[in-house]
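Structural features, examined
Listed here are the chains, written in short residue letters.
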Amino acid sequence: MIEMKKNVVQFWSLLSMICLGLVLLFSCSDDATGPDDETACKFDGPRLEIPDTAFDFGFVPQYSKISHTFTLRSIGCDTLLIDKVLPG
Amino acid sequence: MEKDQLAFGEETRLEIIFAAKSYSNQVTRRPLIVTNETSPDSLHHVRINAFVYADPDSTDPIVITPYRFNISQYGEPVRDQLFFQIKNVSTEDVELTVVEYPTDLMTLTMPTAVPAGGTIDGDIKLTASAIGLEFEKSMTVEVKDPVRSRFTIPIMRRIYTASP
């Protein structure tokens, strides 16, 4: 009888530990500051990203002035300084 | 450019202005953006392409008139709307998509299909906040043909006041 009680206690102890382990595992996987976090910077120093680097105006009349706006994004850990834009 | 210093995750907008002058045919420009990056691949170019034409009636498969949108203010009453036409000079129906236009300055209304040989009417109307502004912008439309023909129309506004 005593032996049976010991087994029951051991069973419940084991089950409790497994549950605790599972809780810890799932709570860690939702951690927003983990190494795979997309909101953390991945590049040392300043780094520029231009999502779309080309634009085609197609047909344009002579003697006209037209414009297009490009998006520039900073993806480095340090502040990006845009010094100048040289006409190409 | 709105900002020249960007922290991680910040964005800015860089407006490239292209003056077609007396160029003709295919023109490509590659402005260089100089930054404080030190990595070997830190040279950043953007590229713009245009096909500059002299004869406004020579484009195909559509002809847009007027070929420059001038919505300037010459006095009273307030001028805030411009009408235009798009003629399909091909033998097939065409579908159009608006690639971009200055949505912060105006609203654009136009059908997206033009029957073969037909003409459609469209208009741009300035927003209330744009009426007091001068600007030089443009509108780009694309035809859903095999080569994805694009057409860019300059849109300008000057405000002229009567001399005393």
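Computed from a prediction, not measured in an experiment: that's the story for all the values here.

**Points about the interface of chain B and chain A**
Note on interface size: it is often stated as the accessible area lost on association of the parts. At the junction of the two partners, chain B supplies 54 residues and chain A supplies 41 residues. Of all the secondary structure elements, the ones that give two or more residues to the side of chain B that touches chain A are strand 1 (5–6), strand 2 (11–19), strand 4 (32–35), strand 5 (44–45), strand 6 (47–53), strand 14 (135–143) and strand 15 (150–157) of chain B. No other element matches strand 2 of chain B, which puts nine residues into the side of chain B that touches chain A. Looking at the side of chain B that touches chain A, its residues break down into 25 nonpolar, 15 polar and 14 charged.

**Observations regarding the nonpolar core**
Counting 30 residues, the largest nonpolar core has Phe57(A), Val60(A), Ala50(B), Ile62(B) and Ile153(B) as its most contacted members. Contributing elements (two or more residues each) for this core: strand 2 (54–61) of chain A together with strand 6, strand 7 (62–65), strand 10 (94–100), strand 13 (119–126), strand 14 and strand 15 of chain B. Looking at which domains feed residues into this core, each of domain 1 (1–52) and domain 2 (62–157) of chain B supplies at least three. Contact partners of Ala50(B), with chain neighbours within four places excluded, come to Phe57(A), Val60(A), Phe18(B), Ala20(B) and Val27(B). If you look at the next biggest cluster of nonpolar residues, it comprises eight residues, including Leu72(A), Leu80(A), Ile82(A) and Ile33(B).

**Notes on the domain arrangement of chain B**
Domain boundaries assigned for chain B yield domain 1 (1–52) and domain 2 (62–157). Each of domain 1 of chain B and domain 2 of chain B has a C-alpha centre, and these two points are 25 Å apart.

**Here we look at the sheet that holds strand 13 of chain B**
All names here are of chain B. The strand order across the open sheet formed by four strands is 7-9-13-11, and the pairing between neighbours is antiparallel. Across the chains shown, the open sheet's two edge strands, defined by having one partner strand only, are strand 7 and strand 11 (106–109). Pairs of neighbouring strands in the sheet enclose a mean axial angle of 20°, with direction left out of account. Sheet topology places strand 11 next to strand 13; four bridges connect them, and they run antiparallel.

Each value, and the rule that gives it
- Residues numbered from 1 in each chain as written.
- Chains lettered and ligands numbered in written order.
- Predicted model: local features only at pLDDT ≥ 70, side-chain atom pairs only at ≥ 80, totals over all residues.
- Contact = placed C-beta atoms within 7 Å.
- Helix = DSSP H or I, 4+ residues; strand = E, 2+ residues; numbered from the N terminus.
- Nonpolar A, V, L, I, M, F, W, Y, C, P; charged D, E, K, R; others polar.
- Core = buried A, V, L, I, M, F, W, Y, C linked by C-beta atoms within 7 Å.
- Buried ≥ 20, exposed ≤ 12 C-beta atoms within 10 Å, placed from the backbone.
- Domains from an automatic or database assignment.
- Pairing = 2+ DSSP bridges.
- Axes fitted to C-alpha atoms, helices over the stretch in contact; angles between N-to-C directions.

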